[in-house]
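# Secondary and tertiary structure notes
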Amino acid sequence: MPIDPWFIIAIVCSLGGYAVYLTGLRRQLVQPNRASWLIWSAATAVEAGTYAAVNPGTLQSWVFGMAAIACVVVTLGIWRRSNWSPPSRGEVLCMAACLAALGVWVVSRNAFWAHMLVVAAVPVSFWPTWESVWQDRTRERSPAWGMWTVGDLATLLVAARSGEQAQLGEYAYLFVELLCHASVWFMVGLATINPLRSLGFRNGRFYVLDAYSPAANLFAVGETHLGKTVYAALGFAEGETIIRFTGRRFRADQVPSLMRGSSDRFVQVTPDHYMGPSGRIDDLINHSCAPNAGLRFAAGGVFLVAVREIAPGEEISWDYSTTLKESNWHMICQCRSPECRRVIGNFETLSPERQEWFRARNLVAPYLRRRDQVAGPKDRAA
């Protein structure tokens, strides 16, 4: 019996989407939500098993099985490049639904209801990604979303062309996955599926291009007595998010003991971990003892936020001490501000008044906050 061509399309688009997304992740062109992918990797594994049990011997079961493996690979890649943050209530709800689905299947051997629980959990798992893309669509600027949408549609056609009577358990997951992937694709822009704009080869290497350009260039790179630095090309209002800091996470013992110049691009993010250089403009933002911006740790990542109005042409800076705890790193400061402390070190080297100033504005790392602040309102990126 010849293989359905739609099955080939489904396999190519599904696995190809994961390959393209992983490439974009390695080149830091996407900023995925870690919680969503952690949920998806668990959900796809459960779904592959429950779908095969509800619909044994179907071609689409193979699609889900291979997609589950690819999803786990991408999640492992994301895990290495992101920072841990406690899951939100919605994320906890989705994780509980996935565990309940697995429990129903293991305890009662009722694959149908386990399958339906996973179907219900899928839209919840997309919520963190929808929220992230709504804030900044460039975080998911990957043609993978279009490929996954086409792959879902092809899988749906495979099921419809199989000649079997339609069953709720067979089509529910397909419809939900199709709608969820398509929604993100529409949010980031349909142009991201265009291979002429998104994919290509250059200098013998495969690359993923941005599918669109930002409305305006927010930054300009210049030179000062400290070397390269970042200026605001457009103004920023007080409390406005300037940029998201990115980079691979390293254990403290993996950070070079001697760092100078361009190699000194590590930011402490937990008592035992540092965020390494991203290769982007956030690497070039310098320290000042009288900064106009500060780092805010939120559920979606680490963001640089304006602490006052920043005028166009003004240098952007933040205080390096606001993330340092029990660190051996120190730096002779040459910021030349009237408030210059001469030596930059751990957060405790700041005066008590200055420490409280940063804490009151939620511009210190979580491990440097007071206990009442840690248990207080959720962090939010401005």
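### Focus: the nonpolar core
Counting 41 residues, the largest nonpolar core has Ile 242, Phe 245, Leu 304 and Ile 316 as its most contacted members. The set of elements that each furnish at least two residues to this core consists of strand E4 (227-232), strand E5 (241-245), strand E7 (267-270), strand E10 (293-298) and strand E11 (301-306). The greatest single-element share of this core, amounting to five residues, is contributed by E11. Excluding residues that lie within four positions of it along the chain, Leu 304 makes contacts with Glu 240, Thr 241, Ile 242, Ile 243, Phe 245, Ile 285, Ala 293, Gly 294, Leu 295, Ile 316 and Trp 318.

### A closer look at the sheet that holds strand E8 (residues 273-275)
Here we have three strands laid out as an open sheet, ordered E6-E8-E7, and antiparallel in their pairing. A strand with exactly one partner marks an edge of an open sheet, and here the two such strands are strand E6 (249-251) and E7. Put simply, the sheet's adjacent strands are angled 40° from each other on average, direction ignored. Note that E7 and E8 share three bridges and pair antiparallel. Opposite Val 267, over in E8, you have Met 275 as the bridge partner.

### Things to note about a nonpolar patch on the surface
On the surface, Trp 6, Ile 9 and Val 150 cluster together to form a nonpolar patch covering roughly 210 Å² of accessible area. By secondary structure assignment, the location of Val 150 is in helix H6 (residues 144-161). The exposure class of Val 150 is partly exposed, given its relative accessible area of 34%.

### Observations regarding empty space enclosed by the protein
The final tally for this structure, using the stated rule, is two cavities of 30 Å³ or more. Computed from the structure, the largest cavity encloses a volume of approximately 190 Å³. As for the largest cavity, its lining consists of 17 residues, and the residues nearest its centre are Ser 14, Phe 64, Ala 67, Asp 152 and Glu 177. Going through the elements one at a time, helix H1 (5-26), helix H2 (34-54), helix H3 (59-80), H6 and helix H7 (168-188) are the ones with two or more residues in the lining of the largest cavity. Grouping the constituent residues of the lining of the largest cavity by class yields nine nonpolar, five polar and three charged.

### Side note on the confidence of the model for the protein chain
Summary statistics for the protein chain give a mean pLDDT of 77 and a share of 74% for residues scoring 70 or more. Per-element averaging of pLDDT across the protein chain places helix H10 (residues 371-374) at the bottom with 46 and strand E12 (residues 317-318) at the top with 96. Across residues 209-215 the pLDDT falls below 50, and counting only partners more than four positions away or on other chains, this stretch makes 15 contacts in the model. Here residues 372-382 is a poorly scored stretch, pLDDT under 50, and it has 21 contacts once near neighbours within four places are set aside; other chains count.

Reading guide: rules and limits
- Residues numbered from 1 in each chain as written.
- Predicted model: local features only at pLDDT ≥ 70, side-chain atom pairs only at ≥ 80, totals over all residues.
- Heavy atoms only, no water.
- Core = buried A, V, L, I, M, F, W, Y, C linked by side-chain atoms within 4.5 Å.
- Buried < 20%, exposed > 50% of the residue type's maximum accessible area, 1.4 Å probe, protein only.
- Helix = DSSP H or I, 4+ residues; strand = E, 2+ residues; numbered from the N terminus.
- Contact = heavy atoms within 4.5 Å.
- Pairing = 2+ DSSP bridges.
- Axes fitted to C-alpha atoms, helices over the stretch in contact; angles between N-to-C directions.
- Patch = residues over 30% accessible without salt bridge, like charges linked within 9 Å, V, L, I, M, F, W, Y side chains within 5 Å.
- Areas by Shrake-Rupley, 256 points an atom, 1.4 Å probe, with all protein chains shown as cover.
- Salt bridge = Lys/Arg side-chain N within 4 Å of Asp/Glu carboxyl O.
- 1 Å grid on protein atoms, 1.4 Å probe; cavity = no way out; pocket = protein on both sides within 12 Å on 5 of 7 lines; lining within 4 Å.
- Points joined across faces, edges and corners; volume = space filled by probe spheres on them.
- Nonpolar A, V, L, I, M, F, W, Y, C, P; charged D, E, K, R; others polar.
- pLDDT = per-residue confidence, 0-100.

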